[in-house]
Structure formats: structure tokens, C-alpha cells
Amino acid sequence: MPNRPAFAPQYVSTRHRDETAELGMWVFIATEVLLFGGLILAYCVFRHTYPEAFAAASRRTEIAIGTANTAILLTSSFLVACAVDAFTEETRKICVALLAGAIALGLLFVLLKGVEYAGEYREHLVPGIDFSFDDKFANGAKLFFLFYFVATAIHALHMLIGISLLAVIARLTWRRAPTTRHRAALHSVALYWHFVDAVWIFLFALIYLPGRAS
Amino acid sequence: MRWHPPLPLLGAWLALLLLLTLTVTLAYVPLGHFNSSVALAIAATKATIIGAVFMELRRRGPRTFIFAGAGLFWLGILLWLGMMDFMTRT
Amino acid sequence: MNEDNYLNAGYTLRSWFFTTDHKRIAILYFASLIFFFFIGGAAATLIRIELATPQADLVSSDMYNRLFTMHGVIIVWFFLIPSIPNTLGNFIVPLMIGARDLAFPRLNLLSWYLFMLGGCVTLFAIAAGGIDTGWTFYTPFSTLYSNSYVAVAVTGVFIAGFSSILTGLNFIVTIHRLRAPGLTWYRLPLFLWSLYAPSVILVLATPVLAITLVLIVVERLLGVGFFDPRIGGDPLLFQHLFWFYSHPAVYIMILPGMGVINELISCFSRKAVFGYKFVAWASVAIAALGFLVWGHHMFVSGQSLLASLVFSFMSFVVAVPSAIKVFNWTATLHKGSIRFDAPMLYALAFIGLFTIGGLTGLFLACLAYDVHATDTYFVVAHFHYIMVGGMVTAYFGGLHYWWPKITGRLYSEYWARTAAVLIFFGFNLTFFPQFILGAEGMPRRYHVYPPEFQMWNVLSSGGAVILAAAYLLPLVYLAYSLFFGKRAPANPWDAPGLEWQTPSPPPEFNFETQPVVTRPPYQYTPDFRAEPQNA
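Model, not experiment: these values are computed from the prediction.

Calculation criteria
- Residues numbered from 1 in each chain as written.
- Chains lettered and ligands numbered in written order.
- Predicted model: local features only at pLDDT ≥ 70, side-chain atom pairs only at ≥ 80, totals over all residues.
- Heavy atoms only, no water.
- Helix = DSSP H or I, 4+ residues; strand = E, 2+ residues; numbered from the N terminus.
- Rg over C-alpha atoms; globule rule 2.2 N^0.38 Å.
- Buried < 20%, exposed > 50% of the residue type's maximum accessible area, 1.4 Å probe, protein only.
- Contact = heavy atoms within 4.5 Å.
- Areas by Shrake-Rupley, 256 points an atom, 1.4 Å probe, with all protein chains shown as cover.
- Expected span 1.5 Å × (residues − 1).
- Bend = angle between axes of the 7 residues up to and from the residue.
- Salt bridge = Lys/Arg side-chain N within 4 Å of Asp/Glu carboxyl O.
- Buried area = accessible area lost by both parts, 1.4 Å probe.
- Axes fitted to C-alpha atoms, helices over the stretch in contact; angles between N-to-C directions.
- Parallel < 35°, antiparallel > 145°, perpendicular 65-115°, else oblique.
- Left-handed = near helix turned anticlockwise from the far one by under 90°.
- Nonpolar A, V, L, I, M, F, W, Y, C, P; charged D, E, K, R; others polar.
- Core = buried A, V, L, I, M, F, W, Y, C linked by side-chain atoms within 4.5 Å.
- Domains from an automatic or database assignment.
- Polar contact = N/O pair within 3.5 Å; in protein donor to acceptor, adjacent residues only side chain to side chain.

**Q** How should I be thinking about the overall build of chain C in this particular structure?
**A** For chain C, the count of helices and strands is 16 helices and zero strands. For 535 residues, the compact-globule formula gives about 24 Å, and the C-alpha radius of gyration of chain C, at 23 Å, lands near that figure. By the burial criterion, 63% of the 535 residues in chain C qualify as buried. Pairs at least 24 residues apart make up 83% of the contacts formed inside chain C by residues separated by at least 6 positions. Accessible surface computed for chain C: about 18,300 Å², of which carbon and sulfur atoms make up 71%.

**Q** I tried to follow unusual backbone geometry on my own but got confused; where do I start?
**A** Glycine aside, residues mostly have negative phi, and peptide bonds are mostly found in the trans state. Residue C:Pro140 follows C:Thr139 across a cis peptide bond; omega there is 0 degrees. For C:Pro140, the position within the fold is in the loop between helix 5 (105–128) and helix 6 (141–145). Across the junction of C:Ser504 and C:Pro505, the peptide omega takes the value -15 degrees, indicating a cis bond. By the element assignment, C:Pro505 lies in the segment after helix 16 (454–484). At B:Glu56, a residue that is not glycine, the phi angle is positive and equals roughly 65 degrees. Relative to the elements of secondary structure, B:Glu56 occurs in the loop between helix 2 (34–54) and helix 3 (62–87). A residue is classified by how much of its surface remains accessible, and B:Glu56, at 14% relative accessible area, is buried. Positive phi, normally seen in glycine, also occurs at C:Asn510, with a value near 70 degrees. On the basis of relative accessibility, which here comes to 0%, the residue C:Asn510 falls in the buried class.

**Q** Any chance you could explain the side chain of A:Thr173 here in plain terms?
**A** Examined against the element boundaries, A:Thr173 turns out to sit in helix 5 (residues 138–175). When neighbours within four sequence positions are excluded, A:Thr173 is seen to be in contact with A:Phe87, A:Arg92, A:Cys95 and A:Val96.

**Q** Can you walk me through helix 3 of chain B in this structure?
**A** Two residues of an α-helix separated by three or four positions point the same way, owing to the 3.6 residues in each turn. Along its 26 residues, helix 3 of chain B runs 35 Å from first to last C-alpha, staying within 8% of the 38 Å computed at 1.5 Å per residue. Taking the largest bend as the criterion, helix 3 of chain B deviates by roughly 35 degrees, centred on B:Gly69.

**Q** What am I meant to see in the pattern of salt bridges here?
**A** By the definition in use, this model includes 19 salt bridges over all chains. For A:Glu116, the salt bridge is made with A:Lys113, and the minimal N-O distance between the two is 2.9 Å. With A:Glu116 and A:Lys113 both in helix 4 (residues 92–122), this residue pair falls three residues apart, about one helical turn. A relative accessible area of 1% places A:Glu116 in the buried class. Since its relative accessible area comes to 2%, A:Lys113 is described here as buried. Here B:Arg89 and B:Asp85 are joined by a salt bridge, their closest N and O atoms 2.9 Å apart. By relative accessible area, B:Arg89 is classed as partly exposed at 31%. Residue B:Asp85 is classed as buried on the basis of its relative accessible area, which comes to 0%. One connected set of salt bridges, linked through shared partners, spans A:Glu22, B:Glu56, B:Arg59 and B:Arg60.

**Q** I would appreciate a short explanation of the interface of chain A and chain B in the present structure.
**A** How big an interface is tends to be reported as the loss of accessible area on association of its parts. Of the residues lining the interface, 48 residues belong to chain A; the matching set on chain B comes to 45 residues. Carbon and sulfur atoms make up 82% of the surface buried where chain A meets chain B, a total of about 4,000 Å² over both sides. In terms of surface lost to chain B, no three residues of chain A exceed A:Trp26, A:Leu74 and A:Phe78, which account for 16% of the buried area on that side. Joining chain A to chain B, the criterion identifies one salt bridge.

**Q** Sorry if this is basic, but what is going on with the packing of helix 15 (residues 413–440) of chain C against helix 16 of chain C here?
**A** Think of two packed helices as two axes; the pair is described by the angle between the axes and how far apart they sit. Residues and elements named next belong to chain C. Contact pair helix 15 / helix 16: the axes reach a minimum separation of 8 Å and the direction vectors enclose 155 degrees. Classified by the angle their axes make, helix 15 and helix 16 are roughly antiparallel. In the crossing of helix 15 with helix 16, the sense of the turn from one axis to the other is left-handed. A per-class count over the contact of helix 15 with helix 16 returns 22 nonpolar, six polar and one charged.

**Q** Please clarify how the nonpolar core should be interpreted in this entry.
**A** Soluble globular proteins tend to bury their nonpolar side chains together. One finds C:Trp77, C:Phe137, C:Phe226, C:Leu237, C:Tyr401 and C:Trp402 to be the most contacted residues of the largest nonpolar core, which totals 294 residues. Taken together, domain 1 (1–59) and domain 2 (61–90) of chain B each give at least three residues to this core, which thus spans both. Sequence-distant contacts of C:Leu237, that is, excluding residues within four places in its chain, are made with A:Leu41, A:Ala42, A:Val45, A:Phe46, B:Phe86, C:Phe226 and C:Phe227.

**Q** Help me out: how do you make sense of the interface of chain A and chain C in this one?
**A** Counting from both sides, the interface comprises 33 residues of chain A and, opposite them, 35 residues of chain C. When chain A packs against chain C, the two sides together hide about 3,000 Å² of surface, and 77% of this comes from carbon and sulfur. Linking chain A with chain C are one salt bridge, by the criterion used here. A salt bridge links A:Glu19 to C:Arg177, with the shortest nitrogen-to-oxygen separation between them at 2.9 Å. Linking chain A to chain C there are seven residue pairs in polar contact (both at pLDDT 80 or more). Considering each element in turn, the side of chain A that touches chain C owes the most residues, 18 residues, to helix 1 (residues 14–49) of chain A. In terms of residue class, the side of chain A that touches chain C is built from 22 nonpolar, eight polar and three charged.

Okay, here's the thing in C-alpha cells:
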């Protein structure tokens, strides 16, 4: 692969640069873990305080859409991992196609999320705007849905950022011969995308699954 | 232009979908308090697969492990000391 | 001055505002921080003038609330947190490790722009009418009752938080990956250990603050939130989340200061720092243990007794690595050939003030005494001894020490020593009486007080005048030296660190050839070969 433009003066080689970028991405992911961590603590506190209300509120979420979205996101992660593998001169068209697939699945996820939000609005489950719930559980359910909306909205924001970054990489790879620099960029974006996927896996377990058996 | 998805990625993807089916099914089986433990254990397994295979941690050295684990470790501190107050209030 | 250096590499505005040179970004931070320091300082001055008499004569109680909030918010997030890391750290870290720049120079520039954006948003909140919650934004007051510009100010702090995160990330990766050949971890100057440790805190604690601030804004906009007791929420959850960041943030402020002190003490006593490995790992221990003590801000809040006990115990434990550092500095001085240049005066002042601040911290870690001292001037005096007496003094010390390297000029040693002594004197006069006031029970955040407290308050306000003058003094003689100071040699302190082996000011890419390190740090010759730099 041609190496153009050359690496910045603080590095000794392209490999040095790429490994450093990857390490930087891992530090950033650690930051992101703690960003969601604050919300997770709030969830734990209120689930501990209002266990029945949380179960009741969780039963009102759309598990069909939630499960579909999880499958969509897992598949898009798979496609991005494949795209990293297919990032070579010969298979660059395949790489772009895989990225396009991942982007389409990402958009589908956001779309379904919108459908879900609309449904919750119709069912009066949006705290602060339109909320009504069985009086016995109203307080706990309000806190649950507050967590639901804040956490999924921040997650969706991460999705949108990830989709934009994937689109930039796809476009670069489509237009000219791939460089080591693009490979490093794709690698970083892929790490970010997998992380967003992993966050969703936990949100899925916390939001959709409780209270289904009772 | 011949390219096939690498087997580890394919395997990881199928395993993830399988675990998703498993966790949704188990959520409807009454296990009492164990429902949430099972859900979280499966979520952790899925995240581990993503980390090891998709994020290529299985090919990385201890430094990357530490960087990847630091966030989780400190999340543990936040949850542990944070919950300690709420669980022992009188 | 050597012909080609980073200062004369370009004169256009573009060459400054779009630079990716870590040295120029450090200068951008310098200028911005001076601005914020004097805004926060002006608020403090007004507070002290108001408190000179027991009754309200200068400002209303509402105005007073806005003043101390402005003082806290500006000084904490727009001066103390970025002070040493973003100015001295930005400038010195690549030089110290023999690198040509930080790992991610463009992120570094982005960090400055985020900082300025956050600063402008916060200043807008202040100009529009201010915030009256105190810098801690406690709920439910900040979310339900306060009629001030909380959401705007919180947004400003949120943005500045991301600036901190990027700086921390940059330092961590740089120290891991860009060290010169032969520069092993145990050959790093201790300043770098003391920047690495708080960088970890910046990266791991700041996001928790960010999400907490988001939750405040959500609660203000929607009218319901996690911290609203009316719907079963818990205001104490806010305090937990807030202090999970804000207590470690204290260590973000003090650890880089400690790092500077290592350099100064060893240089001006011509000895290697005593017990290098202990001091290095003490930094890491402080950063790690600092995450386990946040609940000591909440002893009287109604958290569980077990939580209070654990947090109290951990707070005592964190004093151990801090004490290791103080003892090792004194041991470094022992049998050294000490010279009292201005940076050394600041360093010695730091040790004394930090020790007082640290020991009174133990009073507050003690559950029983803290019930008495909570929200009194005892607490105010304690943390000012750490943050102003410790951190700001270290900042000035480092600034004087590296000034010849940064600017290529020598300042007036006479005036620098005068300022150091004045700061020490003025600081103690301002804050020591506050320990007594606090022990006698004067609460913080009130603008009126019973007449029997007046004597101590007058002393404190008088000290504040001296302190304010002493802080203005360096601005004058350092600015003077920029234009009229003597040219600085490459190594005015006869020091072995890598940053001194390149010309002053350094060339654009720091080193002509890649330095190679073959020995541990602090290999000083027993006596100064260089003359005292009396300009």
C-alpha cells in the first residue's frame, strides 16, 4: 500500500503511528464506559429501591423491536469487522459494500428506535411530557422511563456519530486507493462501532428483559 | 476479487445471535432473582466475544488489556461504593 | 536566542490559532488561563471586601451567592484543573521525554478550542445574570428551585470537561508511546509520573461529571429527574455522582503541582529525589485511592453509616502516599547544597502550605469532627491551603523554573523572590484565620456574620489584599522580562533533564537529533556550575 501522506514527525514509523492511534481509541472507550457508568449507577439505585415498578415498567417496553435492534446491531458489527479484514487493494470494493451494509443496518436501528419512541409517546410513557401509569408503580416507572429515554437517546447519538464516521471511511475507500492511514482510521472507527454495540447489549439486558417471567 | 468472511468472525456472529435468542427465551422462564443474573451474565459473555474477536483483543498484549479493562474496573468502583450507601441505609 | 525557534516560526494569527505545535498551544492556554484566573480572583476579592464587616454593605445576599459560585466555577474548571497540565505539561512533556510533539497534536488544539468554547458559554451564563447554586450544583436546588442560569453554566462546564478528557488521553498515550530510546519508566522525571496519574483521573472521572450535568439539564427541561425527591428520586445520588468526579478532581489539581515540586527540590538542592520509586508509585496510589474517598463530602448528608465509615477509613489511607511525598522531599533537602532561587522559594512554600492543608484534611476525614466542621470556614481554609497554597504556588514555581526555556528570557530574580515571599505571607494571613473562624463555627457561603467574628475576618481580608497584590506582581515583571529581560542560555539551572539539552526557546520540532537516554533522572552535579541568574 502506498503511504501517503507520510506520518507525522513525532512517530518513527507508520506502524508506531497506527499502534498509538489504537491505544488512544482504547483510552477514549474507557472514558465512554464511565459516561454510561453514571447512568448505570442511577439504574441500579432505583431498581434496588423500586424492584416491582421497574419490572412492571420494563414489561411495557417493545421487546420485539428491542430484540430486532440487537440482532441488527450485532450483524452490523460483524460487517464492520469483515470490512476491516477486506481492506486491501484487491478487495476494496467488497470492503465498501460491507461498510455500506453496516451503515444501512445502523440507519435501520435508528429508524426502529424512532418507531419505538413514537409508540411510547402514544402510550403515555414519556416522563415530563405525557406520562400516566398504574398509580401503585407510577414513581418507579417514571424513573425507569427516564433512564430508558436518556440512555437510549445518548446511545442513538453515538450511533449517528458512528454512522457518519463509517460513511466518511467508505467514501474515502471508494474514491482512491487505500492507504495505511485509511486503514488506521477504519480500525479506530471499527473499535468505536463495536463499543457502541457492546453498550447496547447491556442496555438491552437492563431495559427489555426484566420482569418478563412474572 | 475473491474474499470470504474469516471463520472466527463468522463464528462469533453466529454465537452472538444464538446468545441473543437464548437470553430472550430465558427471560420468559421464571427463575426468580436469577433472571437478572442470567441476563447480565449472557450480556457479559456477548460483550466478551465482541471484545475478543471483533475488537481483536485476542491478538493484543497486556497493555491493551489493561487499557480495555481500566474503564470496567473503575465502573466497578463507582457501582460498588455508590451502591454501598443505598443498600445499607437504615 | 537561537535563530530558528518555535516563537519566530511564524507571526501570523493563523500560525497561532491553527498551530498543532504543543509549545504554541501551551502559550494559548497560558494566555487564556491568566484571563480566567483574574476573573475568578476578582470575584474572590469582592467576597473578601464584603466580609470585612459583619453586616451586608457591598452586595445583596443574592449577589453574594452569584459571586462565590462564579469564583468557584471559574477557578475550579477554568483555572485549577487545566493549570499545570495544559500549560506547563503541554510545553514540557514532549521535551522531557525527547519527543517532537504529543501523540495527537490536532486533538490537543481541539482541546483548547473546546476549553475556550466552554469558557465562553460559562462567561455568558455569568454575564446574563449568574448562577447561585455554588460550584457544586447541589440538587434539588439546582434542578427545581434556582432561578439562575444553571443550564447554561452546566453546559459550559460540560464542554470544558471534554477538553480535559482529550488532554488526559493525549498525555497517557504520549507517555506510553513516545518516550525517547532508553527512557524507561523508572528513568522518567517524576513530573511525568505526576502528570500520568491525574491524566487517568481526567479520563475516567470526567465522563461521570459529564453525564451528571446532562441529567441536571434534562431535569430542568423536563421537570422530572433522578434527583427529584417528589417522584421518589434521590438528591444524594447527585452528590455521589458529582463527588465521584469532584473528589478525584482535587487530585487532578494537586498531583501535577507535586510533580513540579519534585523537579524544583532536586534541582535547587543538587540531589536526586530521595526514594524515587516510592514517590513515583505514591502518585499512582493517590490517583487510585482518590477514587475511593468521595463520600467524605457527604458525612452529614444522610448517607448510610457504613458508607460513612468506609469513606472515612479510605480518606485516612490516602494520606499515606501524600505523606510519603512530603517526607521524601524533606529527605531530598537533607545534606543538599541548597540555593534559594525564586522557584525554590515557591517549592518550600508549597511543602509548608501543603502539609498544613493535608493535616487539616485528616481532621475532616474524621467522622466525629467533620460533623462539627461541615460547611464551615474550616473546610474553606483546608481546601484553599491545598488548592491555592499548594497548587497555585507550585504553578508559579514551575512557571519561574521553566520561564527561561519557554520564553528564552530571564526574569528579575529580586522581584521574583519578593513575590514568592509576599504570596506566602499574604496567603497565610488570608486563610489561617479561617481555620479559627471555622472551628468557632462560622458557616461558609453567608455574607453576614455575628460581630464577634469580625477580627479574624478583617485579618483575612487584609491578607487577601496582600495576596492579590502578590499575584499581580509576577504579571508585571514576567511581562517586562519578555521585552527587556536578558537572553536565557539553554540550561540556566545546570540541570540534566532532556528539556534543558535543547536551545531556549526550543526549535519547532524540539530536538535537532533524537536524544537517547542512558541514565536515571536527576543526575545533578553537587554544586552549581551556572551562576545565579540575577537579571
